[in-house]
Amino acid sequence: MPKYTDFFQQSIDQPELFWGEQAKLIDWNQPFEKVLDYSQPPFARWFVGGKTNICFNAVDRHLKDRSNQAALIAVSVETQTEVTYSYQELYEEVNRMAAIMQAQGVKKGDRVLIYMPMVATACFAMLAALRLGAIHSVVFGGFASHSLAARIEDAKPTLIVSTEAGLRGGKVVPYKPLLDEAINLSSHKPSSVLIVSRHLCDYEKVAGRDVDYHELRAAHMDARVDCTWLEATDPSYILYTSGTTGKPKGVQRDTGGYAVALAATMPNIFCAKPGETMFCTSDIGWVVGHGYIIYAPLIHGMATIMFEGTPLNPDAGIWWSLVEKYRVSTMFSAPTAIRVLKKQDPKFLEQYDLSSLRNLFLAGEPLDEPTADWISSAIQKPIIDNYWQTETGWPILALQHGVEVMPTKLGSPGLPVFGYNMKLIDENTGEELGRNQKGLLAIEGPLPPGCLQTLWGDDDRFVKTYWQTIPGKMLYSTFDWGIKDDDGYYFILGRTDDVINTAGHRLGTREIEESIASHSNVAEVAVVGIADNLKGQVAIAFAIPKDASKTEGLEDQIMKTVDRQLGPVARPAKVYVVPALPKTRSGKIVRRALQAILEGRDPGDVSTLEDKNILTQIQGIIQGS
Ligand code: ATP
Ligand code: MG
């Protein structure tokens, strides 16, 4: 096994050699002529001239050796069903779905929008779209009509695949009326809407537009649809970012580079082996779900679990019972989900045999120490943080345990992943910073395979948004702020717009949040900076108490904690004790909305918020204090 430094260094110094080697992990219909074309920076074109298909790599190529092996395990706590599809069965279902799409006129380059809960047909639809060379755009099923309409407007799908309803905690959550409203709101109209009925409720069918999946499937039982061979650089999907900092951006992903990058992460980051089972608790509506519920495990010949339900139903042991039952080796979740579990008794987790499980990977937001400690003691497995973005499609910072087992450091997602030429820079001068200096996390172009090619339909916005922080330098901005320690481990300090500049000191909101979170009666906290005449900016904290009956004197104690740990310069000017925080549907705290209401501004685009009422509640608390 090559050691991390050699492996990483080769990826940076000899990218063509390195990625040419990784490209052997997937099957090509036609070999590429050139590994990388970077003649038009910042647009990187990987595996130029090569032809492949992601669906072929995820399904067809495994039929030879794994046709009877489990491929997709669809578990729904909501409908009390568990269905395992072998690779052969998955192949057949994907072919049926592809034939149905083809009959609706879907062809190469068309968009297929998928607005579905966590059910097997959603997976079939993703794979079938790519089989035809169409571009899918999966929209998280929890979004309401306004957010959905914006994505329909932007992606202009030929076909929408949806259902009449989802289920959450036993309650029927209608999808169809939201979809109909979204289509009404959008000026673009899809030619057809494929409804995969779950027989959960009645719904209205729009004549001439809506078609029924079950009827069409019955008509296509024996269908076989050849994979459409795509250029490696042809797009595979569009996925909109979470919208934590503003209007979501339509990230466009390629085909060959993405398949190669995902395949390379499985042995080298996730230590996962073909034939094993992966359980990623994300949702197919997010980038982690695209990569690690669907594509990477299937490309790698694993079985993957798709889970419909909540982590607490019927109790906090549900995920772990699945680890035991399906002998899961590799698990991937998010800190926000673990914080939900943390409010429960760890005995629910401890009662299961987790001997098959190697590691629990977490990503999506900062992993705070109390959360990491709690889950690590409850499951007694390595907890491995990794840092990335919808834009990159796969980890930027991680412990590449498959390459070399590296020690974890609490609070750090680790070291730069192969392919990423990370630079920690001064965002004003572009100058590279040394160890223990805070700066902007940037990636020197070209971005490695699998990262965004552009923003859908808007090359200009792609260049302006990400590549113009430092004029004259090809540096991709992550918009995250970090620091590197003496061993080269990175620590994420927050987003660049979350930096507080108080009396000449630059502080990351994350540092102050970590400090406040160490108080024994704080369950969760958000810190934002607001304008201050004297100091430029001051920090304001919003803390959710663990025990709401013991908040007497909490503000004072929190301030003292920060004084002690970071010094009075970091002390928040005010601490609000709140029952909840505004979060995106993916569980990220929307600090800009808190900042806006504190500064008396309009909170801007809040369409991606999980619960808009929380902002109103917090507004009341601010006004009342
Ligand atoms: P938008 O770009 O639309 O505002 P978003 O940035 O929240 O939304 P995502 O692409 O889902 O959309 O999230 C990526 C961001 O999440 C990163 O830029 C970083 O701020 C945060 N993040 C992800 N993983 C980690 C991690 N392991 N540690 C700290 N922060 C993380
Ligand atoms: Mg972002």
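Residues numbered from 1 in each chain as written. Chains lettered and ligands numbered in written order. Predicted model: local features only at pLDDT ≥ 70, side-chain atom pairs only at ≥ 80, totals over all residues. Heavy atoms only, no water.

## Concerning the packing of aromatic side chains
Evaluation of the coordinates by the stated rule reveals 37 aromatic pairs. Aromatic rings pair up to connect Phe 7, Phe 18, Trp 19, Trp 28, Phe 32, Trp 46, Phe 47, Trp 394, Phe 418 and Tyr 420 into one cluster. When the ring centre of Phe 348 is taken as origin, the NZ or CZ atom of Lys 347, which lies over that ring, is 4.4 Å away. The residue whose ring lies beneath Lys 409 is Tyr 489, and the NZ or CZ to ring-centre distance is 4.7 Å. (Phe/Tyr/Trp six-rings, centres within 6.5 Å; stacked < 30°, edge-to-face > 60°. Lys NZ or Arg CZ within 6 Å of the ring centre and 35° of its normal.)

## Here we look at the UniProt feature "domain: AMP-dependent synthetase/ligase" (unreviewed entry) in the protein chain
Per the UniProt record, "domain: AMP-dependent synthetase/ligase" (unreviewed entry) is found at residues 62-446. Taken end to end, residues 62-446 is 31% helix and 23% strand, and its first and last C-alpha atoms sit 32 Å apart. (UniProt positions renumbered as here; feature names shortened; annotations may be inferred. Helix = DSSP H or I, 4+ residues; strand = E, 2+ residues; numbered from the N terminus.)

## Examining helix α19 (residues 591-598)
Most of α19 is tucked away, with 8 of its 8 residues classed as buried. Those residues of α19 not exposed but buried are Arg 591, Arg 592, Ala 593, Leu 594, Gln 595, Ala 596, Ile 597 and Leu 598. The elements touched by buried residues of α19 are α17 (509-517), β30 (522-532), β31 (536-545), β32 (574-577) and α20 (613-624). Positive phi shows up at Gly 600, right after α19, with a value of about 70°. (Buried < 20%, exposed > 50% of the residue type's maximum accessible area, 1.4 Å probe, protein only. Contact = heavy atoms within 4.5 Å.)

## Quick word on the sheet that holds strand β26 (residues 475-484)
Across the sheet, which stays open at both edges, the 4 strands sit in the order β23-β24-β26-β27 with antiparallel pairing between neighbours. Among the strands making up the open sheet, the edge pair consists of β23 (422-425) and β27 (490-495). With direction set aside, neighbouring strand axes in the sheet form an average angle of 45°. Note: β23 against strand β24 (residues 439-444), 4 bridges, orientation antiparallel. Its bridge partner being in β24, Ile 425 is matched across the sheet by Leu 440. (Pairing = 2+ DSSP bridges. Axes fitted to C-alpha atoms, helices over the stretch in contact; angles between N-to-C directions.)

## As for the site of ligand 1
Residues in contact with ligand 1 amount to 20 residues; listed here are only the nearest, Thr 244, Thr 245, Thr 390, Asp 480 and Lys 588. One of the backbone N or O atoms of Gly 243 is found 2.7 Å from an oxygen atom in ligand 1. In this structure, a nitrogen atom belonging to ligand 1 sits 3.1 Å away from a main-chain N or O atom of Gly 364. In the complex, 94% of the free accessible area of ligand 1, which totals 640 Å², lies under the protein chains. Where the shell around ligand 1 is concerned, the elements lending two or more residues are β20 (383-386) and β27. Across the shell around ligand 1, the residue classes tally to 4 nonpolar, 9 polar and 7 charged. Domain assignment of the residues forming the shell around ligand 1 places at least three in each of domain 1 (4-425) and domain 2 (439-495). (Near = heavy atom within 4 Å. Polar contact = N/O pair within 3.5 Å; in protein donor to acceptor, adjacent residues only side chain to side chain. Areas by Shrake-Rupley, 256 points an atom, 1.4 Å probe, with all protein chains shown as cover. Nonpolar A, V, L, I, M, F, W, Y, C, P; charged D, E, K, R; others polar. Domains from an automatic or database assignment.)

## What about the domain arrangement of the protein chain?
Each assigned domain of the protein chain is listed with its residue range as follows: domain 1 (4-425), domain 2 (439-495) and domain 3 (499-624). Its C-alpha centre places domain 1 at a distance of 23 Å from the equivalent point of domain 2. Across the contact, 56 residues belong to domain 1 and 42 residues belong to domain 2. Between domain 1 and domain 2, the buried area comes to about 4200 Å², and carbon and sulfur atoms account for 63% of it. (Buried area = accessible area lost by both parts, 1.4 Å probe.)

## Focus: the pattern of salt bridges
As enumerated under the stated definition, the model contains 37 salt bridges in all. As a salt-bridge pair, Lys 423 and Glu 432 come within 3.6 Å of each other at their nearest N and O atoms. For Glu 514, the salt bridge is made with Arg 510, and the minimal N-O distance between the two is 3.0 Å. Here Glu 514 pairs with Arg 510, and both are found in helix α17, just 4 residues apart, close to one helical turn. Among the ionic contacts, a cluster of salt bridges with common partners joins Arg 339, Glu 365, Asp 368, Glu 524 and Lys 583. (Salt bridge = Lys/Arg side-chain N within 4 Å of Asp/Glu carboxyl O.)

## What to know about unusual backbone geometry
Most of the time, phi is negative for any residue but glycine, and the peptide bond is trans. Residue Pro 42 is bonded to the preceding Pro 41 through a cis peptide linkage, with omega at 5°. Position of Pro 42 among the secondary structure elements: in the loop between β1 (34-40) and β2 (43-48). The omega angle of the peptide bond from Gly 445 to Pro 446 is 0°, so this bond is cis rather than trans. With respect to the element layout, Pro 446 can be found in the loop between β24 and β25 (454-455). Positioned with a positive phi, His 199 is a non-glycine residue whose angle comes to about 60°. Inspection of the secondary structure puts His 199 in the loop between β11 (192-195) and β12 (210-212). Judged by its relative accessible area of 65%, His 199 falls in the exposed class. One non-glycine residue, Gln 380, adopts positive backbone phi at about 55°. Tracing the sequence through the fold places Gln 380 in the loop between α15 (369-379) and β20.

## Some details on the environment of Glu 204
Assignment of secondary structure puts Glu 204 in the loop between β11 and β12. Expressed as a C-alpha distance, the spacing of Glu 204 and Val 173, which sit 31 residues apart in the sequence, is 15 Å. Setting aside residues no more than four positions away along its own chain, Glu 204 makes contact with Lys 176, Asp 180 and Asp 210.

## Thoughts on the UniProt feature "transmembrane region" (unreviewed entry) in the protein chain
When the UniProt feature table is mapped onto this chain numbering, "transmembrane region" (unreviewed entry) sits at residues 112-130. Regarding residues 112-130, the helix share stands at 58% and the strand share at 21%, and the terminal C-alpha atoms are separated by 9 Å.

## Considerations on the nonpolar core
The biggest cluster of nonpolar side chains holds 117 residues, and the ones touching the most others in it are Met 101, Leu 127 and Tyr 292. The dominant element in this core, judged by the number of residues it contributes, is helix α6 (residues 120-131), at 10 residues. Both domain 1 (4-425) and domain 2 (439-495) contribute no fewer than three residues apiece to this core. Setting aside its immediate chain neighbours within four residues, Tyr 292 contacts Leu 262, Thr 265, Met 266, Phe 270, Met 278, Cys 280, Pro 297, Thr 304, Phe 332, Trp 388, Trp 394 and Pro 395. Leu 322, Ala 337, Leu 341 and Leu 360 belong to the second-largest nonpolar core, a separate cluster that totals 31 residues. (Core = buried A, V, L, I, M, F, W, Y, C linked by side-chain atoms within 4.5 Å.)

## Looking at the environment of Ala 264
The topology assignment puts Ala 264 in helix α10 (residues 256-268). Put simply, Ala 264 and Leu 25 are 239 residues apart on the chain and 7.2 Å apart in space, counted from C-alpha to C-alpha. Excluding residues within four positions of it along the chain, Ala 264 makes contact with Trp 19, Gln 22, Leu 25 and Phe 418.

## Description of the sheet that holds strand β17 (residues 303-308)
Strand pairing in a sheet relies on backbone hydrogen bonds, with the paired strands running either antiparallel or parallel. If you walk across this open sheet you meet the 7 strands as β5-β4-β17-β16-β18-β19-β20, and the pairing is mixed. Taken across any chain shown, the strands that pair with only one partner, and hence form the sheet edges, are β5 (81-86) and β20. If you compare each strand with its neighbour and ignore which way they point, the axes differ by 20° on average. This element, helix α13 (residues 335-342), spans β18 (328-333) and β19 (359-363) of the sheet and lies at about 115° to β19.

## Looking at the pairing of β31
A regular strand places its side chains on the two faces of the sheet in alternate fashion. With 9 of its 10 residues buried, β31 lies for the most part within the structure. As paired elements, β30 and β31 share 10 bridges and run antiparallel to each other. Residue Ala 531 lies in a different strand from β31, and its bridge partner there is Gln 537. Linking β30 to β31, which pair antiparallel, is a turn of 3 residues. Pairing of β31 with β32 involves 4 bridges; the strand directions are parallel.

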